[in-house]
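Chain by chain, the residues run as shown.
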Amino acid sequence: MNGNGLTIRAEKLGKWYGNVLGLSDISIEIGPGITGLLGPNGAGKSTFMKLITGQLRPSIGTVTIGGRPVWNNPEIFRRVGFCPEQDAFYDDMTGREFLAGLLGLYGYGPSEVKERADRALDFVELTEAADRMIRGYSRGMRQRLKISQSLAHEPEILILDEPLNGLDPLSKRKVIRLIKEYRTEGRTVLVSSHVLPEIEALTQSIVLVHQGKILAEGDIHHIRGLIDTHPHIVEVRTEDARKLAVRFAGEADVLSVKFDEAEGTVLFETRNRDRFFERLTRTAAGEDLDIEEITSPDDNLQSVFDYLVGK
Amino acid sequence: MAIAERGYTHWQGTLGTGRKPWRVIAGQSIRLAWKRKYFKLAFFGALFPALFFAGGIYVSERISDFKEMMRGAEKFLQINPAYFQAYFGSSFLLFMMMVIMVGAGAGLISDDLRHNALPLYFSRPLRKRDYIGGKFASLAFFLLLLTLAPGLIFIVLKLIFAGSFKLLADYPWLPFSFIGWSIFLSSFLSLYTLLLSSLGRNRRFTSILILAVYFLSTAFFGIFFGIFHEPAFCLISIEMNLRQLSAALMGAKPLFNVPWIYSLLVLSAIMGASILVLRKKIRGTEVIR
């Protein structure tokens, strides 16, 4: 079963809890691939997740999946998998019973339920613990079980609310690999997290939510390029640090130059990154500078997040 | 040995659609209840009255064999609607049913609320009515085993032991009364339990609530009836209302001189309120984060 590019679409979506704003005027389309939903605590990530999984009714606007409304439309969830942030287990059940019970809700027959449960448990490496009571599971095992229930029916859209919480590094890598596998099959995956490196390990495509509104969406680097208020930082490692610093100090688009001769680095702040790199390349070639390394310390998710959220 | 790349193998079969989700919920709830330590004991304990009354039917047909043993019990052993009313309206049976409700039903919704399981359920092709219906069915299953099943067995035993259809000829409405009463009682107690289970996240709190509301309503009736000698106070007691209604359905003399229709209205109102509250509470997963 290959994904056919189901799309999550929100139009003018808003949610209030009484006088408290949850989300405001969200219009967005999330297509195939992995999209990271980012935001600090209380930003509205969970509200957004609940709205697109039909647990909350929008105060205003609509949410559709594949063109069909989500609210009050349980059939849509045959094609959607959801991993909630909170633990949601019956401690008196075994892992296999938990999974089988939830799979039964899709209408699978007993043999198919068993096969799917076995496969999902095997994938998250819980086969040996499958017949143990959940109350004896560790945090990581519980998290893996929770993820397995969202995948066991092989949904075309996978919605994961903080899926890597509590996982050990090995399990994290495993889950990240799985999520990426979904991407390669043309499925839509939405992952929320407030841990930026986790999102960065998964995708470059983000939706940044803050105070109930979308601050930015798209490719991390593209978004960074659009943030004019914060100049780009470029670090160049070279033996000719002083010479390079002098060469660029007079340029109009270079705002500051710091060099550390001992370390052999020059740190530039520039408003026009493209022009800067073009000039740097020309200078390096023309003046025979020995440049060892060029890095952009603030061209990453953390910086985008900090700049947009205003930290 | 090479390290094998392990990935998720996708299902190539067809998606099933024939099963009703409420059945899955009901089956799961029944299995969970049956796994509890004292539930089996309580359930089999609740079946004792049925065995006793079934024995009574046998003895009533062989009364001459038991003449010495059963002296003075001939009146009780007349198999008529009053005999069955003594079973269906007995305080002990109702008490055991409440115990069963505590064992099987106290945590049905409160555990889901405590474990935040509702998002898991409702992010699947499951409607609210499937969820409530499944939970309801699991409780009704146990209650029908204590009411409808013994009732039908009583009739069959009577027909076998008597070797005639006289009971059905004299009281042709009796099987329908058994069915009607069993369904009503099971529905009422199931909804009552689900209502109280949805009011908290703590199974113990719900267990206490189930028993407390039932017994306190009867205690208040006893107090008011003792002071004012007004039989209409039976309407505030769940147990008395149930016994009034069972007497009416079995064609037996009611306990109090109060029209049974009032008891029906009181119990129906509680059922209606339960449905409304459940519909409101079950989606109530709105958490401000």
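Residues numbered from 1 in each chain as written. Chains lettered and ligands numbered in written order. Predicted model: local features only at pLDDT ≥ 70, side-chain atom pairs only at ≥ 80, totals over all residues. Heavy atoms only, no water.

**Focus: the overall build of chain A**
Here comes step 1: Helices and strands together make up the secondary structure of chain A, namely 10 helices and 14 strands.
Here comes step 2: Burial status across chain A gives 54% buried among its 311 residues.
Here comes step 3: Residue pairs at least 24 apart in sequence account for 67% of intrachain contacts in chain A once pairs closer than 6 positions are excluded.
Here comes step 4: Entry remark: accessible area of chain A is about 13100 Å², with carbon and sulfur atoms responsible for 48%. (Helix = DSSP H or I, 4+ residues; strand = E, 2+ residues; numbered from the N terminus. Buried < 20%, exposed > 50% of the residue type's maximum accessible area, 1.4 Å probe, protein only. Contact = heavy atoms within 4.5 Å. Areas by Shrake-Rupley, 256 points an atom, 1.4 Å probe, with all protein chains shown as cover.)

**Quick notes on the overall build of chain B**
Here comes step 1: Looking only at helices and strands, chain B features 13 helices and 0 strands.
Here comes step 2: Taking all 289 residues of chain B together, 50% fall into the buried category.
Here comes step 3: In the structure as shown, chain B presents an accessible area of about 14400 Å², 68% of it carried by carbon and sulfur atoms.

**Things to note about the sheet that holds strand β13 (residues 265–270) of chain A**
Residues and elements named next belong to chain A.
Here comes step 1: Ordered by their spatial adjacency, 4 strands build an open sheet running β12-β13-β11-β14, and the pairing between neighbours is antiparallel. In this open sheet, the two strands that pair with only one neighbour each are β12 (254–260) and β14 (291–295). Neighbour-to-neighbour, the strand axes of the sheet open up by a mean angle of 15 degrees, direction not taken into account.
Here comes step 2: Inspection of the sheet shows β12 paired to β13 by 6 bridges, in the antiparallel sense. Opposite Val 257, over in β13, you have Phe 268 as the bridge partner.
Here comes step 3: Here helix α8 (residues 241–249) sits on the sheet and contacts β11 (232–238), β12 and β13; the angle it forms with β13, its principal contact strand, is near 15 degrees. (Pairing = 2+ DSSP bridges. Axes fitted to C-alpha atoms, helices over the stretch in contact; angles between N-to-C directions.)

**Topic: the sheet that holds strand β5 (residues 68–69) of chain A**
Residues and elements named next belong to chain A.
Here comes step 1: An order of β2-β1-β4-β5 is seen for the 4 strands of this open sheet, with the pairing classed as antiparallel. Edge positions in the open sheet fall to β2 (20–30) and β5, since each of these has one partner strand only.
Here comes step 2: Pairing analysis gives 7 bridges linking strand β1 (residues 8–17) to β2, with the strands arranged antiparallel. Bridged to Ile 8 within β2 is Ile 30.

**Looking at helix α5 (residues 91–114) of chain B**
Helical geometry note: an α-helix holds 3.6 residues per turn, so side chains three or four residues apart project in the same direction.
All names here are of chain B.
Here comes step 1: The end-to-end C-alpha distance of α5 is 33 Å, a good match for the 34 Å that 24 residues give at a rise of 1.5 Å each.
Here comes step 2: At Val 102, α5 shows its largest bend, some 40 degrees.
Here comes step 3: Buried residues dominate α5, accounting for 19 of its 24 residues.
Here comes step 4: Backbone geometry just downstream of α5 places Asn 116 in the positive-phi region, at approximately 55 degrees. (Expected span 1.5 Å × (residues − 1). Bend = angle between axes of the 7 residues up to and from the residue.)

**What to know about the confidence of the model for chain B**
Residue and element names in this part refer to chain B.
Here comes step 1: Summarising the model, chain B shows a mean pLDDT of 86, and 86% of its residues fall at 70 or more.
Here comes step 2: When the elements of chain B are averaged for pLDDT, helix α6 (residues 118–122) gives the smallest value, 86, and helix α10 (residues 174–197) the largest, 96.
Here comes step 3: Long-range and interchain partners of residues 1–16, a stretch whose pLDDT sits below 50, account for 37 contacts in this model, where long-range means more than four residues apart.
Here comes step 4: Interface confidence for the predicted complex, expressed as ipTM, amounts to 0.70; the pTM equals 0.77. (pLDDT = per-residue confidence, 0-100.)

**A few points about the packing of aromatic side chains**
Here comes step 1: Inspection of the entire model under this criterion finds 38 aromatic pairs over all chains.
Here comes step 2: Between Phe 88 of chain B and Phe 178 of chain B, the ring centres sit 5.0 Å apart and the planes meet at 55 degrees, which makes this aromatic pair tilted. Within this pair, whereas Phe 88 of chain B is found in helix α4 (residues 81–88), its partner Phe 178 of chain B is found in helix α10, the two being separated by 90 residues in sequence.
Here comes step 3: Lys 15 of chain A extends its terminal NZ or CZ atom over the ring of Tyr 17 of chain A, reaching a point 5.9 Å from the ring centre.
Here comes step 4: Above the plane of the ring of Tyr 108 of chain A lies Arg 116 of chain A, whose end atom (NZ or CZ) is 4.2 Å from the centre. (Phe/Tyr/Trp six-rings, centres within 6.5 Å; stacked < 30°, edge-to-face > 60°. Lys NZ or Arg CZ within 6 Å of the ring centre and 35° of its normal.)

**A word on helix α3 (residues 48–61) of chain B**
Residues and elements named next belong to chain B.
Here comes step 1: If you check α3, its first and last C-alpha atoms are 20 Å apart, about what 14 residues at 1.5 Å a residue would give, namely 20 Å.
Here comes step 2: Looking only at α3, the buried set comprises Pro 49, Ala 50, Phe 53, Ala 54, Gly 56, Ile 57, Val 59 and Ser 60.
Here comes step 3: On its buried side, α3 packs onto α2 (39–46), α4, α5 and α8 (148–162).

**Notes on the nonpolar core**
Here comes step 1: Formed by 122 residues in total, the largest nonpolar core has its most connected members in Phe 84, Ile 100, Tyr 121, Tyr 131, Phe 188, Leu 189 and Leu 242 of chain B.
Here comes step 2: No other element matches the 13 residues that α5 of chain B contributes to this core.
Here comes step 3: Other than its neighbours up to four places away in sequence, Phe 84 of chain B contacts Ile 57, Ile 79, Phe 154, Leu 167, Leu 174 and Phe 178 of chain B.
Here comes step 4: In terms of nonpolar packing, the next biggest core, distinct from the first, is built from 28 residues, Ile 8, Leu 13, Ile 28 and Ile 159 of chain A among them. (Core = buried A, V, L, I, M, F, W, Y, C linked by side-chain atoms within 4.5 Å.)

**Thoughts on the environment of Asp 91 of chain A**
Here comes step 1: Looking at where Asp 91 of chain A falls in the secondary structure, it is placed in the loop between β6 (80–83) and α2 (95–104).
Here comes step 2: Ignoring anything within four residues of it in the chain, the contact list for Asp 91 of chain A reads Met 133, Ile 134, Arg 135 and Arg 142 of chain A together with His 115 of chain B.

**As for the packing of α2 of chain B against α5 of chain B**
All names here are of chain B.
Here comes step 1: Put simply, α2 and α5 touch, their axes get as near as 9 Å, and they point 160 degrees apart. In this view, α2 runs roughly antiparallel relative to α5, as classed from their interaxial angle. α2 and α5 meet at a crossing whose hand is left-handed. Of the residues in α5, those touching α2 at Phe 39, Ala 42, Phe 43, Gly 45 and Ala 46 are Phe 92, Leu 93, Met 96, Val 99, Ile 100, Gly 103 and Ala 104.
Here comes step 2: Counted by class, the contact of α2 with α5 contains 10 nonpolar, 2 polar and no charged residues. (Parallel < 35°, antiparallel > 145°, perpendicular 65-115°, else oblique. Left-handed = near helix turned anticlockwise from the far one by under 90°. Nonpolar A, V, L, I, M, F, W, Y, C, P; charged D, E, K, R; others polar.)

**Regarding a nonpolar patch on the surface**
Here comes step 1: Taken together, the side chains of Leu 216, Phe 220, Ile 223, Phe 224, Ile 227, Phe 228 and Ile 236 of chain B define a hydrophobic patch exposed on the protein surface, amounting to about 670 Å² of accessible area.
Here comes step 2: Its place among the elements puts Leu 216 of chain B in helix α11 (residues 203–228). (Patch = residues over 30% accessible without salt bridge, like charges linked within 9 Å, V, L, I, M, F, W, Y side chains within 5 Å. Salt bridge = Lys/Arg side-chain N within 4 Å of Asp/Glu carboxyl O.)

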